[in-house]
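Examination of the molecular architecture
Chain by chain, the residues run as shown.
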Amino acid sequence: MNEWSSSKRGDLSRRRMLGVVGAGVVVSALPSRSGAATRPGAQARTAGEGLVGAPLPRIEGPLKVRGAAPYAAEFTFAGMVYAALAFSTIAKGRIISIDTGAAEAAPGFVHVMTHVNAPRMRPMMPWASSEKAAGNDAWPIMQDDRVRWNGQPIAVVLAETQEQADHAASLISATYEEEPATTSFAQAKANGTETAVLGGQPVHIEIGDAEAALAAAAVSVDATFHTPYQNHNAIEPHAVTVAWHGNELEVHDASQSVVHNAWSLAQILGIEEHQVHVTSPYVGGSFGGKFMGMHQVLAAASSRLSGRPVRLTLSRAGVYRLVGGRALTEQRLALGAGRDGRFVALIHTGTSTHTPDSPHPELAQFVSYSSYATGTLKIDLQWAHLDMVANAAMRAPGEAVGSFALESAVDEVAVALGMDPIELRIRNEPQADPLTGLPFSSRNIVEAWRAGAKRFGWERRNPTPRAVRQGDWLIGMGCGAGSHMYARESGGAARLTLTKHGTATIDIAAHDAGMGTATVLTQITADQLALRLDQVRLRAADSALPGVVPGIGSSQTTTAAATIIAAQRKAVAELLKLLRRDSPLAGLTADEVTPRDGGLAKTDDPARHESYSSILTRARRDELVVEATGGNPTESEQYSMYSYAAVFCEVRVNAVTGEIRVSRLLGSMDCGRVVNARTAAGQFRGGMVMAIGLALTEETLYDERTARIMNPSLSEYHVPVHADVPEIDVIWTGIPDPQAPLGARGIGELSMNGTAAAIANAVHNATGTRVRRLPITLDQLL
Amino acid sequence: MSAESSVIRVNGTAVAPPGDPRVSLLDFLRETLGLHGTKKGCDQGGCGACTLLVDGERILSCLALAVQYTGRDVVTVEALADGDRLHPVQQAFIDHDGFQCGYCTPGQICSAIGMAGELERGVPSHVTEDLSAKRAELTAEELRERMSGNLCRCGAHNGIVAAIAKAHQAGQLSDSGRAAR
């Protein structure tokens with residue numbers, strides 16, 4: 001069982017030692033990694049009540065800054081070998097021959113797996129096709145001679161060292177029979193598109209006659225927006241370390257879906273789910289890119305064939321070849337308004353690239369479902385199929401690029417009307433969900449706009465484009481709105497153990513790839529039980545633990561919160577049954593007591609109190625264990641539930657070179673209650689930084705003749721660096737959502753939305769140029 | 001060849017170089033010595049996750065062949081703390097939330113320490129105005145420029161910059177760790 005705390009370090013050190021034996025190096029004198037990392041909770045001896053909301057530091061912080069937190073490629077097995085992959089060099093066709101002879105003769109060679117000798121395996125199942133399915137495609141994995149995309153793995157080479165594996169893999173050569181492939185977006189569209197499908201329904205919505213309303217509108221904009229392929233580029237490449245123990249498979253994965261991955265590996269490999277154990281205690285970033293992939297399967301299969309434990313770390317280029325990203329989109333966004341600024345028509349249609357069986361629609365149009373009261377609405381999404389790696393979900397899929405189009409168009413309408421863009425948005429606030437008619441659970445975007453505008457100094461903005469200049473630099477301000485739909489997974493479950501020492505353990509198969517989940521769930525548990533942080537231990541990110549809680553849709557905290565609350569209620573009911581007759585609480589019901597100061601107290605008479613320790617000790621119990629589920633998210637069926645962002649940006653654009661610098665950025669959020677002010681601010685800033693990349697620098701380039709990705713590296717795919725990131729201000733309304741557990745809605749993806757538009761709108765305000773193609777490169781401004 | 005020049009000093013301990021000359025210093029630390037604190041993000045010098053200190057200077061260990069580092073002093077993130085006491089920069093990263101996933105963190109921390117030496121030696125950066133200055137000042141712009149070789153994908157940049165600035169102001173940035181003390 002892996003934990004967030006440091007208590008398993010001894011075990012890890014032992015495994016590391018096994019990895020070192022035989023390397024011919026004196027290791028005993030090396031610095032020990034076991035320098036004690038105190039649980040940071042021990043420093044924060046705040047009482048349990050009131051912990052929710054506190055800006056507590058991350059509980060795993062000391063381990064991470066010491067470099068002592070073990071990631072997937074840092075687990076070691078005795079006898080472990082290293083994997084390297086060979087990739088196809090054509091987009092579509094058949095492998096005629098594959099020559100592995102030179103690789104097999106290379107020093108250190110252990111094993112090679114190709115479609116010729118791979119064990120029979122079932123294909124992966126895509127997300128949502130089953131409760132625990134988590135794939136991006138349903139393609140056979142090394143089961144036939146078919147090549148389906150350029151960069152598909154065609155061989156897995158195992159060798160004693162990584163260097164030997166890399167060299168051997170470089171010696172593999174294949175001949176192909178190429179077939180005509182669809183290798184460009186233009187070609188894919190010309191082939192004919194199909195209407196996208198979401199939840200079994202075609203993505204096509206019409207309310208009223210939006211085209212006619214647009215034509216009749218006093219003011220309108222009708223434009224096409226383009227957004228490119230993008231890759232997640234977590235700094236930790238996908239990695240997996242696996243070992244078979246008989247028919248049992250042990251997997252140390254970099255994953256945001258451990259339970260899904262255990263189930264998926266079992267169904268693919270033809271073994272039972274309980275025979276696969278997946279842990280992922282630390283993940284070096286995920287962003288939607290680290291669910292079930294082909295690499296875990298290739299590692300497990302080649303380990304089985306070779307009889308050796310295997311470490312498979314994708315090279316950086318390998319990440320691009322195997323793991324898809326954000327799909328390319330072309331969007332039509334048409335918005336019509338009356339002279340009074342009231343929207344009368346919204347048309348958001350377009351085409352996204354897609355691959356067969358991909359569960360990820362890249363539904364840019366989703367943002368237009370509920371953002372504004374527009375009277376008429378037309379939505380349509382077409383899929384264009386390219387012969388490329390399956391597209392995946394990348395932080396705020398659909399909405400990140402859709403909000404760029406919608407919020408740019410709103411800005412255009414504001415300019416056309418001569419109206420302040422914030423006032424225009426507020427004027428079009430819907431009273432209920434425009435699409436479903438459901439009441440909003442809690443929508444305070446207007447308050448977020450007002451607070452953000454005041455703090456940012458929006459009143460200093462000159463609405464006339466290209467009017468503010470300092471030397472060679474043109475300066476502009478812009479804003480954009482973002483929203484993200486609330487989600488809570490129905491599979492949430494947790495096990496709560498209370499001990500006679502007055503401590504608690506919460507077991508839940510949730511994930512922390514940097515979001516702060518571990519800290520936040522510890523905080524919630526301590527808060528719910530009125531314990532100190534250092535009295536609560538969290539065990540997570542392990543498929544043997546309860547709960548189906550994938551890191552998806554910004555839902556982990558809401559899912560886990562509901563579960564922890566349910567577990568607390570169950571524990572309180574059980575504790576009351578254990579009371580002795582002379583307990584101060586004797587005779588009280590669950591409705592009459594509240595956790596307080598390490599035990600239970602009568603709600604309206606806190607002097608009547610007995611500690612957990614006392615209750616359990618006097619009942620002669622070592623511990624009390626309860627397991628609970630969070631139940632179905634019925635709140636989402638009764639209410640329209642979203643988190644909201646109002647994003648403000650100032651840019652400086654060089655009038656001579658077209659260089660764009662984001663000089664100021666502010667996010668004003670309305671996301672319900674914030675559980676941890678520090679980690680939440682990190683999430684908000686993180687999304688805004690990634691959106692700087694979306695707006696200005698990021699693009700996965702592919703060769704339109706061969707569909708091969710051309711910039712599969714961090715040197716040629718430009719994520720924002722320190723020099724690109726200004727001080728980012730974040731504030732929030734903090735208004736709890738009455739329908740959400742703890743009053744908290746999701747925050748992980750929210751600030752990806754609206755930020756790119758805020759930047760683009762600021763560029764327009766600075767330069768007078770409206771750029772509708774991302775990234776906004778300097779050539780588009782010259 | 002003297003005994004001293006035939007071994008690599010890793011965090012103060014002499015170790016024999018690998019037999020395979022292809023082994024990078026990064027892989028040598030991680031796979032042979034079991035020192036996983038230094039991270040592999042790209043293996044091609046593009047991300048900075050593998051930054052560590054050699055004779056006090058920051059280098060990208062994925063672009064360094066281990067066999068070329070005999071006779072040199074290699075300091076990794078594992079040697080920065082003094083037992084239970086974190087290095088001031090490590091503590092500053094916690095205090096200012098200078099990380100999320102933690103994967104770029106050891107590289108950021110080592111890079112910041114190496115940067116301090118460059119400032120003291122007057123090594124200019126792309127944004128340095130006065131190229132003749134004996135000692136470079138660490139303005140916010142200088143800090144961002146000089147740390148731009150260390151990528152962070154979680155977006156913890158503000159916290160990283162704040163942590164480094166704080167440690168620098170306290171005069172604790174140039175402390176190159178236990179091995180040097």
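Residues numbered from 1 in each chain as written. Chains lettered and ligands numbered in written order. Predicted model: local features only at pLDDT ≥ 70, side-chain atom pairs only at ≥ 80, totals over all residues. Heavy atoms only, no water.

Taking an unreviewed UniProt entry as the reference, chain B is identified by name as Xanthine dehydrogenase YagT iron-sulfur-binding subunit belonging to Lentzea fradiae. Under Pathway (unreviewed entry), UniProt gives the following word-for-word description of chain B: "Alkaloid degradation; nicotine degradation." (UniProt positions renumbered as here; feature names shortened; annotations may be inferred.)

Under an unreviewed UniProt entry, chain A has the name Xanthine dehydrogenase YagR molybdenum-binding subunit and belongs to Lentzea fradiae.

Turning our attention to the environment of E74(A). Summarising the element assignment, E74(A) is placed in the loop between α2 (61-65) and β1 (81-87). Spatially, the C-alpha atoms of E74(A) and A103(A) are 26 Å apart, while their sequence positions differ by 29 residues. Within the structure, E74(A) has its side chain in polar contact with the side chain of K39(B) (distance 2.8 Å). (Helix = DSSP H or I, 4+ residues; strand = E, 2+ residues; numbered from the N terminus. Polar contact = N/O pair within 3.5 Å; in protein donor to acceptor, adjacent residues only side chain to side chain.)

The next point concerns the nonpolar core. All names here are of chain A. Core analysis: the biggest nonpolar cluster contains 158 residues, and F648 and V651 have the highest contact counts within it. With sequence-adjacent residues up to four places away left out, V651 is seen in contact with L474, I475, G476, I660, R661, V662, S663, I759, A762, V763 and A766. Formed by 49 residues, the second largest nonpolar core is a distinct cluster that contains W149, V240, L298 and A301. (Core = buried A, V, L, I, M, F, W, Y, C linked by side-chain atoms within 4.5 Å. Buried < 20%, exposed > 50% of the residue type's maximum accessible area, 1.4 Å probe, protein only. Contact = heavy atoms within 4.5 Å.)

This next bit is on the UniProt feature "domain: Aldehyde oxidase/xanthine dehydrogenase a/b hammerhead" (unreviewed entry) in chain A. Mapped onto this numbering, the UniProt entry gives "domain: Aldehyde oxidase/xanthine dehydrogenase a/b hammerhead" (unreviewed entry) at residues 66-180 of chain A. Across residues 66-180 of chain A, helical content stands at 12% and strand content at 30%; the span's end C-alpha atoms are separated by 52 Å.

Within helix α2 (residues 88-95) of chain B, burial applies to V89(B), Q90(B), A92(B), F93(B) and I94(B). Each element contacted by the buried residues of α2(B) is listed here: α2 and α17 (677-696) of chain A together with α3 (105-120) and α5 (157-169) of chain B. Looking one or two places after α2(B), you find D97(B), whose phi comes out positive at around 50 degrees.

Let us now look at the sheet that holds strand β2 (residues 93-99) of chain A. All names here are of chain A. Taken in spatial order, the three strands make up an open sheet running β4-β2-β6, and their pairing is antiparallel. Only two strands of the sheet have a single partner each, and these edge strands are β4 (146-147) and β6 (173-178). With two bridges connecting them, β2 and β4 associate as antiparallel partners. When the bridges of β4 are listed, R94 appears paired with R146. (Pairing = 2+ DSSP bridges.)

Before going further, it helps to spend a moment on the domain arrangement of chain B. All names here are of chain B. If you check the domain split of chain B, you get domain 1 (4-79) and domain 2 (88-175). Inter-centroid distance (C-alpha atoms) of domain 1 to domain 2 is 21 Å. Taken residue by residue, the interface counts 17 residues in domain 1 and 16 residues in domain 2. When the two sides are added together, the surface that domain 1 and domain 2 hide from each other amounts to roughly 1,300 Å², 54% of it contributed by carbon and sulfur. (Domains from an automatic or database assignment. Buried area = accessible area lost by both parts, 1.4 Å probe.)

Here we come to helix α18 (residues 755-767) of chain A. Residues and elements named next belong to chain A. Its 13 residues give α18 an end-to-end C-alpha distance of 18 Å, which sits within 8% of 18 Å, the value for a rise of 1.5 Å per residue. Counting buried positions along α18 gives 13 out of 13 residues, so the element sits mostly inside the fold. Downstream of α18 by one or two residues, G768 has phi in the positive range, about 85 degrees. (Expected span 1.5 Å × (residues − 1).)

Let us now look at the packing of α2(B) against α3(B). All names here are of chain B. One way to put it is that α2 packs onto α3 with a least axis distance of 10 Å and a crossing angle of 130 degrees. Of the possible angle classes, the one that applies to α2 and α3 is oblique. Between α2 and α3 lies a crossing of right-handed hand. Of α3, the residues touching α2 (which contributes V89, Q90 and F93) are T105, Q108, I109 and I113. In terms of residue class, the contact of α2 with α3 is built from four nonpolar, three polar and no charged. (Axes fitted to C-alpha atoms, helices over the stretch in contact; angles between N-to-C directions. Parallel < 35°, antiparallel > 145°, perpendicular 65-115°, else oblique. Left-handed = near helix turned anticlockwise from the far one by under 90°. Nonpolar A, V, L, I, M, F, W, Y, C, P; charged D, E, K, R; others polar.)

Here we come to the domain arrangement of chain A. Where the parts come together, the accessible area they lose is often given as the size of the interface. All names here are of chain A. When its domains are assigned, chain A resolves into domain 1 (81-121 + 139-172 + 238-313), domain 2 (329-428 + 442-487 + 637-781) and domain 3 (493-632). Domain 1 and domain 2 are separated by 37 Å when their C-alpha centres are compared. The interface is formed by 12 residues belonging to domain 1 together with 13 residues belonging to domain 2. Its largest share of buried area at the contact with domain 2, domain 1 owes to W139, N150 and F287, together 55% of the area lost on that side. Joining domain 1 to domain 2, the criterion identifies zero salt bridges. Here domain 1 is connected to domain 2 by four residue pairs in polar contact (both at pLDDT 80 or more). (Salt bridge = Lys/Arg side-chain N within 4 Å of Asp/Glu carboxyl O.)

Residue and element names in this part refer to chain A. One can describe the packing of helix α7 (residues 258-269) onto helix α8 (residues 294-306) by two numbers: an axis separation of 11 Å at closest approach and a directional angle of 55 degrees. Here α7 is positioned oblique relative to α8, judged by the angle of their axes. Regarding α7 and α8, the two cross each other, and that crossing is right-handed. Along the contact surface, α7 presents N261, L265, I268 and L269, while α8 presents Q296, V297 and A300. Residue composition of the contact of α7 with α8, by class: five nonpolar, two polar and no charged.

Moving on, we come to the interface of chain B and chain A. Taken together, the contacts link 64 residues of chain B with 69 residues of chain A. Of the roughly 5,100 Å² buried between chain B and chain A, counting both surfaces, carbon and sulfur atoms make up 56%. On the chain B side of the interface with chain A, the three residues burying the most area are Q100(B), R153(B) and N158(B), jointly 17% of the side's total. Between chain B and chain A we count six salt bridges in total. Between R311(A) and E31(B) there is a salt bridge, with the nearest N and O atoms lying 2.5 Å from each other. Taken together, the elements giving at least two residues each to the side of chain B that touches chain A come down to β2 (13-15), α1 (25-32), α2, α3, α4 (140-146) and α5 of chain B.

Another point: the pairing of strand β5 (residues 153-159) of chain A. Residue and element names in this part refer to chain A. For β5, a buried count of seven out of seven residues is recorded, marking the element as mostly surrounded by other parts of the structure. In this sheet, β5 lies alongside strand β3 (residues 109-113) in antiparallel orientation, the contact comprising four bridges. Looking across to β5, one finds that F109 is bridged to A159.

Time to look at the pattern of salt bridges. Within the structure shown, the criterion is met by 49 salt bridges over all chains. One salt bridge in this structure joins R664(A) and E650(A), with 3.4 Å as the shortest N-O distance. On the criterion of sequence distance, the pair formed by R664(A) in strand β29 (residues 660-670) and E650(A) in strand β28 (residues 642-654) is long-range, its members being 14 residues apart. Residue classification places R664(A) among the partly exposed positions, given a relative accessible area of 25%. Between R9(B) and D73(B) there is a salt bridge whose closest N-O contact spans 3.7 Å. Here R9(B), found in strand β1 (residues 8-10), pairs with D73(B), found in strand β5 (residues 73-75); they are 64 residues apart in sequence, far enough to count as distant. Connected via shared salt-bridge partners are E211(A), D222(A), R332(A) and K378(A).

All names here are of chain A. Pairing in this open sheet of four strands is mixed, and the strands run β23-β22-β21-β27 from one edge to the other. A strand with exactly one partner marks an edge of an open sheet, and here the two such strands are β23 (536-539) and β27 (623-629). Strand-to-strand, the axes of this sheet are offset by a mean angle of 15 degrees, without reference to chain direction. Its contacts with the sheet place helix α14 (residues 556-578) against β21 (493-499), β22 (504-507) and β27, and it is angled at close to 140 degrees to β27.

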